[in-house]
Amino acid sequence: MQEILDRHTKVKPCTSGYDNKFRGILKCADCGSNLTIHTDDRNPDRPLLEKTYYLCRIYRVRGAKFCSKHCISAGDLEELVLSDIQFHAGKFIKDREKFMRKMLGQMNMSSANSKANIDKKVAVLEKKLKESDKQFIKLYGDWAKQMISEQQFRLLSAHFEQEKKDYTEQIEKLKAMAENLEDSAGKAECLADEMAECAEIKELTTEIVNRLIEKIEVSEPQTINGEKVQNIRIFYKFVGEIN
């Protein structure tokens, strides 16, 4: 396929009738632009998936000075994506808990930021906030009884006000973080369930791609030890790349 494209000086838009399952989600790993779909019509007897391929849009429009082809056939891409979905779906079905831990880890949910730990931090801060309020009430009583001067009252009052503000802001941030964790965990569960439903699929569809995948990065093919090697990175919705 690469050799054909090297000789193919005029790139045509897709005329093969192929259902573009990856519309808008294929990205060039180098320049970040979309990959656009094209057709090699010189041999009409070739299978549809072999004569349909994707190229970097910047290369297509502006030429090799700005980016390289990043060419990949529709057939190769479909096979790779289907295999990746089936692999992760199999992992999920085999050990749901382990797979969920891995996905949540992908979302940067370390144990230090788990909801349980956040709740503990909130409880400590709320206790400090109540204690600060009690100390301020006592301070006001001392001032009312003229046990401290006006200047001392003002200085200590400002201190307690700032302390209360700091505690309140920290509590709000932690509660927001806890809500985000719950939301993210729900999204991860949703993705895992969606993926599990696809474990037995034999053919990739546009619906499946749109349900599961956020974007796919395609690198420029390289020849290593006489073999073509091309790095493809699949980023799933909510969790990103699953390593």
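Use the structure listed above.
Residues numbered from 1 in each chain as written. Predicted model: local features only at pLDDT ≥ 70, side-chain atom pairs only at ≥ 80, totals over all residues. Heavy atoms only, no water.

### Things to note about the overall build of the chain
Test applied: Note on conventions: DSSP H or I runs of at least 4 residues are helices, E runs of at least 2 residues are strands, and numbering of each starts at the N terminus. When a residue's accessible area, from a 1.4 Å probe over protein chains only, is under 20% of the maximum for its type it is buried; when over 50% it is exposed; and in between it is partly exposed. Contacts between residues were defined by any pair of non-hydrogen atoms, one from each residue, lying within 4.5 Å. Each accessible area is a Shrake-Rupley estimate made with a 1.4 Å probe; only the visible protein chains count as cover when residues are assessed.
Per the secondary structure count, the chain includes eight helices and ten strands. Of all 243 residues assigned to the chain, the portion counted as buried reaches 38%. Put simply, 64% of the contacts in the chain that link residues at least 6 apart link residues at least 24 apart. For the chain, the accessible surface area stands at approximately 15000 Å², while carbon and sulfur atoms represent 49% of it.

### So, the packing of aromatic side chains
Put simply, the rule reads: Any two of the Phe, Tyr and Trp rings considered here, Trp counted by its six-membered ring, make a pair once their centres fall within 6.5 Å; the pair's planes then place it as stacked at under 30 degrees, edge-to-face at over 60, or tilted in between.
Following the criterion strictly, the structure yields seven aromatic pairs and no others. Taken together, a centroid distance of 6.5 Å and an interplanar angle of 75° make the contact between Phe136 and Phe160 edge-to-face. In this pair, Phe136 sits in helix α6 (residues 115-144) while Phe160 sits in helix α7 (residues 150-197), placing the two residues 24 residues apart along the sequence. We classify Phe136 as partly exposed; its relative accessible area is 25%.

### Digging into the layout of surface pockets
The criterion, for reference: Two kinds of site are reported from a 1 Å grid over the protein atoms alone, namely cavities, where a 1.4 Å probe fits but cannot get out, and pockets, open sets with protein on both sides within 12 Å along at least five of seven lines, and residues are called lining when an atom falls within 4 Å of a point. Grid points are joined across faces, edges and corners, and a volume is the space filled by probe spheres set on the points. Classification used: nonpolar for Ala, Val, Leu, Ile, Met, Phe, Trp, Tyr, Cys and Pro, charged for Asp, Glu, Lys and Arg, polar for all others including Gly.
Approximately 190 Å³ is the volume attributed to the largest pocket. Lining the largest pocket are Phe87, His88, Lys91, Lys94, Asp95, Lys98, Phe99 and Lys102. Elements with a contribution of two residues or more to the lining of the largest pocket: α4 (74-94) and α5 (96-106). Considering every element that reaches the lining of the largest pocket, the biggest residue donor is α4, with four residues. Of the residues contributing to the lining of the largest pocket, the split by class is two nonpolar, one polar and five charged.

### Here we look at the pattern of salt bridges
Our working definition: Every case where a carboxyl oxygen of Asp or Glu lies within 4 Å of a side-chain nitrogen of Lys or Arg is listed as a salt bridge.
In total, this model carries 14 salt bridges according to the counting rule given. In this structure, the salt-bridge partner of Asp193 is Arg96, at a minimum N-O distance of 3.2 Å. Separated by 97 residues along the polypeptide, Asp193 in helix α7 and Arg96 in helix α5 bring together distant segments of the chain. Given a relative accessible area of 33%, Asp193 falls into the partly exposed group.

### Considering α6
The condition is simple: How far a helix is expected to stretch is found by multiplying one less than its residue total by 1.5 Å.
With 30 residues, α6 extends 43 Å from end C-alpha to end C-alpha; this agrees with the ideal 44 Å at 1.5 Å per step. When α6 is considered as a whole, its buried residues turn out to be Ile118, Val122, Leu125, Leu129, Ser132, Leu139 and Asp142. Gln146 sits one or two residues past α6 and shows a positive phi near 60°.

### With respect to the nonpolar core
Test applied: By convention a nonpolar core is built from buried Ala, Val, Leu, Ile, Met, Phe, Trp, Tyr and Cys residues, the set being connected through side-chain atoms within 4.5 Å.
Phe22, Tyr54, Ile85, Ile213, Ile216 and Tyr236 are the most contacted members of the largest nonpolar core, which has 42 residues in total. No other element matches α4, which puts seven residues into this core. The residues touching Ile213, leaving out its near neighbours within four places in the chain, are Ile25, Val81, Ile85, Ile234, Phe235, Tyr236 and Lys237. By size, the runner-up hydrophobic cluster in this structure holds eight residues, among which are Ile118, Leu125, Ile171 and Ala178.

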